[in-house]
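Chain by chain, the residues:
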Amino acid sequence: MNRTVLYIVFWWCVSAGCLKAEDGSRLWFRAEMTAQAQVKANRESPAISVAVEELEKRWKGGAVHLSLHQNKKLRNLGKEGYVISGEKQTGIHIQSASDLGLLYGAYHLLRLQDTQNDNGALQVEESPAYDLRLLNHWDNLDGTVERGYAGYSIWKWDELPEKISPRYKEYARANASIGINGTVLNNVNASPGILTGNYLRKVKVIADILRPYGIKVYLSVNFSSPQILGGLSGSDPLDTGVRRWWRDKIGEIYRLIPDFGGVLVKANSEGQPGPQDYDRTHADGANMLADALKPYGGIVMWRAFVYHPGDEDRAKQAYQEFIPLDGKFRDNVILQVKNGPIDFQPREPFSPLFGGMKNTALMPELQITQEYLGFSNHLVFLAPQWKEFFESDTYCNGKGATVAKTTDGTIFPHPVSAIAGVANIGEDINWCGHHFAQANWYAFGRLAWNCELTADEIAEEWLRMAFTRDQAFVTPVKEMMLHSWDAAVNYMMPLGLHHIFAWDHHYGPEPWCDIPGARPDWLPRYYHNAGEKGIGFDRTTGGSDAVSQYHAPLKEYFNDIATCPEDLLLWFHHLPWDHPMKNGRTLWDELCYRYDTGVRQVREFQKIWDRMERYIDGERFRHVQSRLKIQSRDAVWWKDACLLYFQTYSGKPIPYDIERPVHELDDLKKVKLDLKHHH
Ligand code: GCW
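Rules of the game
- Residues numbered from 1 in each chain as written.
- Predicted model: local features only at pLDDT ≥ 70, side-chain atom pairs only at ≥ 80, totals over all residues.
- Heavy atoms only, no water.
- Helix = DSSP H or I, 4+ residues; strand = E, 2+ residues; numbered from the N terminus.
- Contact = heavy atoms within 4.5 Å.
- Salt bridge = Lys/Arg side-chain N within 4 Å of Asp/Glu carboxyl O.
- Buried < 20%, exposed > 50% of the residue type's maximum accessible area, 1.4 Å probe, protein only.
- Near = heavy atom within 4 Å.
- Polar contact = N/O pair within 3.5 Å; in protein donor to acceptor, adjacent residues only side chain to side chain.
- Areas by Shrake-Rupley, 256 points an atom, 1.4 Å probe, with all protein chains shown as cover.
- Nonpolar A, V, L, I, M, F, W, Y, C, P; charged D, E, K, R; others polar.
- Pairing = 2+ DSSP bridges.
- Axes fitted to C-alpha atoms, helices over the stretch in contact; angles between N-to-C directions.
- Domains from an automatic or database assignment.
- Buried area = accessible area lost by both parts, 1.4 Å probe.
- Phe/Tyr/Trp six-rings, centres within 6.5 Å; stacked < 30°, edge-to-face > 60°.

1. Side note on the side chain of Arg111
Now for step 1: Here Arg111 shows up in helix 4 (residues 99-115).
Now for step 2: When residues no more than four places from it in sequence are discounted, the contact partners of Arg111 are Ser177, Tyr442, Arg446, Glu461 and Met465.

Printed below as a string of structure tokens:
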């Protein structure tokens, strides 16, 4: 073929859509945009225009009618709920009491089309579990992302407000399609700079782009802003000058962004300033901001992630700090609590603040980005972890008082309910670093909307949209996803072990880590307590007594070795190496088998994946394949490092039927990765 012919063939291919790069950039929107559906709406609004456009381009059925109107049923579904009825061929009716409900209904209908084989008669009624479903970006103003593993930030602060990256709109669309309705743009380790007029004008541009998609913008604020930006002598929350500064600043924000959502605050935590610097309480600090936001309907999300070096068990400290303040917060304050009492570990029990605080609204904070789960190198599907969290019984109100029910308004009604996920999004072409990390972003949105969905359902949906509907692919790959969290826990920190990561960057094992002069609660030894006599953290009534922060009968279950779930055994107990496990093995042997199981699980994932080559594009196939190789090597690294190190205390052999270590402990101790973590 000569050049001209090649050129024509090339453009024919491009216009026919047969040359789409499978680089992951399209997320879960890979279906064609070539439909020409008939769509009518009884009202107009920016959100309705988005809904109409999406349906026109993608819906391959009969006419769709969007109608915004009020009746009792729709009002009961709330302002984001919707009803879908009708049949694919003859016509569909989407109804809601608000335009956003119509938008969510449109995305729901399209998801059904993209994932279901049979669209018979439809009768769908939906409303979200949580009112506010937020992403938290730990993105810094210099473009770096704290704990981000997908490149630099998607927010191009130095190009804004003039230049607008096309990604902002794609971001809005992806989030709206899974029900996310808010985003905190900047890191909780907040630069005061975000509140300067210069930055607020940039924030306004982002807010304008996200608005038609129902996504509100929020900001993390630095508690010392009045002093640092305003030149005041301090930032005491009870000082009238400080209060006035915040009132003025909040007013300035609302003049630019009339629907601004509110602020997120990390105060007196890991060196951040806060009200305690002025001998005030967390409630004093939160309430001051709440008062400034109240006239505009804004909220304060105040983080409960606090701990100080000292004699008290770190796992107990947030509870000790906040329980005495229960009931002292304004009604537009929500306490944002990480799922576990320590810090996004591979597996933790739920934080006892859930079900513990009865007169204060609490919102869970989950970590989508894999700070402690192999960054964007390891395939770890997080829905199973989050499901375990949502379904944990707090017993705060008798049996069945799950974490979900304590936070979604079922047990404790508060003016708003909310949930946040720390985003794993960056400027990488595939958004999240690992193709399968997109599934965690997706799962977070879906669970925030409906935490009763199963991990299985979510994985199935995502795989069908992101890859293919061929069950020869979906079934085995879904199994791999559903076991991937369990595998990671096994090869990193089984049986309740936690925080034995490498210093600072948290990639890889360093149970031996000892930095002279470092805070003891930042060192692995604090958590594993391995010695000749045994291993684990004694949090029983005879130890740190953290168990007593849970309601009966849970505290008794955790306290008693016989009833403590073995998956959390070393979280709550310090036990001798030959402690008998339920399956008859000794603790030491079981530890060895768990690590070995983790390695074998990852090897199995490699086998599953290699068989999938013919079902999907080569580009993503090879990318995931190469990441699985890294994961496999890392799993062996974890196993060898932890077992060889703990063996120096247990003095026992690694059971002879499991794979032998391939590394020397001394070599592993020398591994020092040069991974920066940006504050
Ligand atoms: O998990 C830890 C991280 C910090 C993070 C902190 C927090 C944003 O290591 O990087 O800071 O938690 O949640 O505030």
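2. Remarks on the pattern of salt bridges
Now for step 1: Summed over the entire model, instances satisfying the criterion amount to 45 salt bridges.
Now for step 2: The residue Glu460 makes a salt bridge to Arg464 at a minimum N-O spacing of 2.9 Å. Here the residue Glu460 and the residue Arg464 both occupy positions in helix 14 (residues 455-466), the gap between them amounting to 4 residues, near one helical turn.
Now for step 3: With a relative accessible area of 16%, Glu460 lands in the buried category.
Now for step 4: In this structure Arg464 comes out as buried when scored by relative accessible area, which is 12%.

3. Observations concerning the site of the ligand
Now for step 1: Taken together, the neighbourhood of the ligand is formed by 16 residues, with Glu146, Lys266, Arg303, Asp343 and Glu371 sitting nearest.
Now for step 2: The contact in question runs from an oxygen atom of the ligand to an N or O atom on the side chain of Lys338, over 2.7 Å.
Now for step 3: Taking 340 Å² as the accessible area of the ligand by itself, protein coverage stands at 98%.
Now for step 4: Of the residues that constitute the shell around the ligand, the class distribution is 4 nonpolar, 4 polar and 8 charged.

4. Comments concerning the sheet that holds strand 10 (residues 299-303)
Now for step 1: Overall, parallel pairing links the 8 strands, which are arranged 6-7-8-9-10-11-12-13 in a closed barrel. Going from strand to strand, the sheet's axes swing by 25 degrees on average, the running direction of each strand aside.
Now for step 2: Where strand 8 (residues 216-220) lies against strand 9 (residues 262-265), 3 bridges are found, and the strand directions are parallel. Looking across to strand 9, one finds that Leu219 is bridged to Val263.
Now for step 3: Relative to the sheet, helix 11 (residues 383-391) contacts strand 12 (362-367) and strand 13 (418-422), its axis offset from that of strand 12 by approximately 160 degrees.

5. Brief notes about the domain arrangement of the protein chain
Now for step 1: Each assigned domain of the protein chain is listed here: domain 1 (23-126), domain 2 (132-336 + 366-453) and domain 3 (489-537 + 574-677).
Now for step 2: Centre-to-centre separation of domain 2 and domain 3, based on C-alpha positions: 31 Å.
Now for step 3: Tallying the contact residues gives 23 residues for domain 2 and 25 residues for domain 3.
Now for step 4: Buried area between domain 2 and domain 3, both sides added, is near 2200 Å², and the carbon and sulfur share of it is 57%.
Now for step 5: On the domain 2 side of the contact with domain 3, Tyr372, Asn377 and His378 bury the most area, a combined 27% of that side's loss.
Now for step 6: Inspection of the domain 2/domain 3 interface yields 0 salt bridges.

6. Side note on the pairing of strand 12
Now for step 1: Across the 6 residues of strand 12, 6 count as buried, placing the element largely inside the fold.
Now for step 2: Residues Leu362, Pro364 and Leu366 point to one face of strand 12 and Met363, Glu365 and Gln367 to the other, with burial holding for every one of them.
Now for step 3: Inspection of the sheet shows strand 11 (residues 333-338) paired to strand 12 by 4 bridges, in the parallel sense. Within the sheet, the bridge partner assigned to Val337 lies in strand 12 and is Pro364.

7. Notes on the side chain of Asn222
Now for step 1: Mapped onto the elements, Asn222 comes out in the loop between strand 8 and helix 7 (225-228).
Now for step 2: A polar contact of 2.9 Å, which involves the side chain of Asn222, links it to the backbone oxygen of Ala190.
Now for step 3: Non-local contacts of Asn222, meaning those with residues more than four positions away in its chain, are made with Ala190, Ser191, Pro192, Ile228, Trp246, Gln272 and Pro273.

8. Thoughts on the packing of aromatic side chains
Now for step 1: Under the criterion given, the structure shown has 46 aromatic pairs.
Now for step 2: With a centroid separation of 5.1 Å and an interplanar angle of 80 degrees, the aromatic rings of Trp155 and Tyr171 are classed as edge-to-face. Remark: Tyr171 occurs in helix 5 (residues 167-177) and Trp155 occurs in the loop between strand 6 (132-136) and helix 5; sequence separation between them is 16 residues. Taken as a pair, Trp155 and Tyr171 share a single burial class, namely buried.
Now for step 3: With a centroid separation of 5.7 Å and 55 degrees between ring planes, the pair formed by Trp431 and Trp441 is classed as tilted. Placement of Trp431 in the loop between strand 13 and helix 13 (438-449) and of Trp441 in helix 13 is noted, with a sequence separation of 10 residues between them.

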